[in-house]
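Each chain, written out:
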Amino acid sequence: MKKMKIIFVNYSVGGYAGDSVSMTTIVKGLESKGHEVIIVTTDGDGYFYDKIRSKMYAPIRKKLLGANGNIIKIDEMSVYPIHCVSNRFGMYCPSATKEAKKIIKKFDLVYVINWYYHLGMVFTKISHELGTPFIVGPMASLEKNAQNIKKNKKFLLDKLYTNKMIKNATGFHCVGEHERKYLMKLGVNSEKIHLINNGILRLINNIKDETIFKKIKIGYKNDEYIITVGQINEKKGLDILIRAFSQVVKDRKIKLVIAGTGEEKYVHKIKELVKKLGLEEVIKFSGFVTEEQKNQLLSNAKLFVSASRGDVHPIAAIEALSFGLPVIITEESDFPEIDTFEAGKTTESNESSICDSIRDLLKNQDKLSTYSENALRLVEEKFLLENQIEKYENMFSKAITKK
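A brief look at the structure comes next. (Residues numbered from 1 in each chain as written. Predicted model: local features only at pLDDT ≥ 70, side-chain atom pairs only at ≥ 80, totals over all residues. Heavy atoms only, no water.)

## Describing the overall build of the chain
A tally of helices and strands in the chain yields 16 helices and 14 strands. Radius of gyration (C-alpha) of the chain: 21 Å, near the 22 Å computed for a compact globule of 403 residues. Oriented by its inertia axes, the alpha-carbon framework of the chain measures out at about 65 × 40 × 40 Å. In the form shown here, the chain has an accessible surface area of approximately 18,400 Å², with 49% of it arising from carbon and sulfur atoms. (Helix = DSSP H or I, 4+ residues; strand = E, 2+ residues; numbered from the N terminus. Rg over C-alpha atoms; globule rule 2.2 N^0.38 Å. Areas by Shrake-Rupley, 256 points an atom, 1.4 Å probe, with all protein chains shown as cover.)

Here's what the structure looks like:
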């Protein structure tokens, strides 16, 4: 295949959110095939709403702020930061248009992750003006619950911008059937939509450091626990999961680990719910975890549970599957492969359904073992980057050729 020069656009470059992790994985996969890739991002704090993530992102941001208009290396990837003057106002970058006009003409294609931020909107607009093909990946931004976040602002942006972007885009990349349907409702021609699953690298973990288990007071050799991983916000449905778990522990000795961080006010709200239900001893908040710590927690859990009100093929669930961890997930998360491969269960996003699903799997060790084997098979066949990267190559190549 002819080597391509591709720009990836995102508001941040840290691996603390699903879309950023996905971006990093795809970029490295494309580079391994000989393609030239550069990430255009802001030097703003994409995690300003989360004090812990903001602190973890600070070293990367320091590099971005010190770039002085040059391409720098972050995690062995080429990154071009553009100065941001407002984190809260759509990661606003005053020089975005000037920079877009300067850099886009040097590349074959622009791939924009989401579009509800200033840099994303500008780069799609200038790509169209310069005649450079561009593809947009919604990354779970179209679901109803995602749209309800900053609803009024998004409504205004849709009126001013989204309709034009949809008309002008060369293509759209979806990671699930729900996204495809949402795009078609917005008037996108089905021929422009590419359905390609998220890809992950092979994850290996041998528990050598017990620090994370000591921190949350869990004995990894003798304590049973189920786990959920992700940002702590209303969209993730943790309130539903906690209430469901309060019923599970009435007849089984087991714990729940909630790994991740979030907005301080909402984290406090969730912890107050745990206290109100008297579950402080069985629900453990790990806070921020490193990749190694996350893998350690996943590798020793009984189940992964997502009560999300709106995700699409969440990376955390795929990573859990890669450790042979059966997954319970809501219908809103659009993950039909879980049921097709019998690698877990899809459930309604309410307390009783999630509770019943957890109880059903935990009481049947033979089924749990079978689902664990199927989870490994599902990842091997559908989600390993080495099996996905050719699909990304074909999507980008097709867009370039078509334009």
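## Description of the nonpolar core
In terms of nonpolar packing, the biggest core is built from 36 residues, with Ile7, Val9, Val40, Ile103, Leu119, Phe123 and Met165 touching the most fellow members. Examining the composition of this core, we find that five residues originate from one element, helix α4 (residues 118–130), more than from any other. If sequence neighbours within four positions are ignored, Ile7 has contacts with Ile38, Val40, Ile103, Ile104, Phe107, Leu109, Val110 and Tyr111. Counting 34 residues, the second-largest nonpolar core is a separate cluster that includes Ile200, Leu321, Leu325 and Val379. (Core = buried A, V, L, I, M, F, W, Y, C linked by side-chain atoms within 4.5 Å. Buried < 20%, exposed > 50% of the residue type's maximum accessible area, 1.4 Å probe, protein only. Contact = heavy atoms within 4.5 Å.)

## Overview of the pattern of salt bridges
Counted by the stated rule, this structure contains 20 salt bridges. Residue Lys255 is joined to Asp223 by a salt bridge in which the shortest nitrogen-to-oxygen separation is 3.5 Å. With Lys255 in strand β10 (residues 255–259) and Asp223 in the loop between α8 (211–215) and β9 (225–229), this pair connects stretches of sequence that are 32 residues apart. Among the residues examined, Asp223 registers a relative accessible area of 23% and is labelled partly exposed. Where salt bridges share partners, they join Glu224, Arg252 and Lys302 into one cluster. (Salt bridge = Lys/Arg side-chain N within 4 Å of Asp/Glu carboxyl O.)

## Some points on helix α11 (residues 291–300)
Since one α-helical turn is 3.6 residues long, residues separated by three or four positions face the same way. Three or more residues of α11 are buried, namely Lys294, Asn295, Gln296, Leu297 and Leu298. Considering only its buried residues, α11 is in contact with α8, β9, β10, β12 (303–306) and α12 (315–322).

## Some words on the packing of helix α9 (residues 238–248) against helix α14 (residues 351–362)
Running from N to C, α9 and α14 cross one another at 50 degrees; their axes reach a closest spacing of 8 Å. Taken together, the axes of α9 and α14 are oblique relative to one another. Read as a crossing pair, α9 and α14 show a hand that is right-handed. Between α9 and α14, the contacting residues are Ile240, Leu241, Arg243, Ala244, Gln247 and Val248 on the first element and Glu351, Ile354, Cys355, Ile358, Arg359 and Leu362 on the second. Residue composition of the contact of α9 with α14, by class: eight nonpolar, one polar and three charged. (Axes fitted to C-alpha atoms, helices over the stretch in contact; angles between N-to-C directions. Parallel < 35°, antiparallel > 145°, perpendicular 65-115°, else oblique. Left-handed = near helix turned anticlockwise from the far one by under 90°. Nonpolar A, V, L, I, M, F, W, Y, C, P; charged D, E, K, R; others polar.)

## Some remarks on helix α10 (residues 264–276)
With 13 residues, α10 ought to run about 18 Å at 1.5 Å a step, and its terminal C-alpha atoms sit 18 Å apart, in line with that. All buried positions along α10 are accounted for by Tyr266, Val267, Ile270, Leu273 and Val274. On an axial view of α10, the arc spanned by its buried residues comes to 115 degrees, and they lie on one face. Across from the buried face of α10, at angles greater than 90 degrees, the exposed residues are Glu264, Lys265, His268, Lys269, Lys275 and Lys276. In this fold, the buried residues of α10 make contact with α9 and β11 (283–287). Just beyond α10, the residue with positive phi is Gly278, at close to 70 degrees. (Expected span 1.5 Å × (residues − 1). Arc of directions from axis to C-beta.)

## Digging into the packing of α9 against α10
Direction vectors running N to C along α9 and α10 enclose 15 degrees, while the axes themselves pass 10 Å from each other. Taken together, the axis directions place α9 and α10 in an arrangement best described as roughly parallel. α9 and α10 meet at a crossing whose hand is right-handed. On α10, the residues that touch Leu238, Asp239, Ile242 and Arg243 of α9 are Tyr266, Ile270, Leu273 and Val274. Per-class residue counts for the contact of α9 with α10 are six nonpolar, no polar and two charged.

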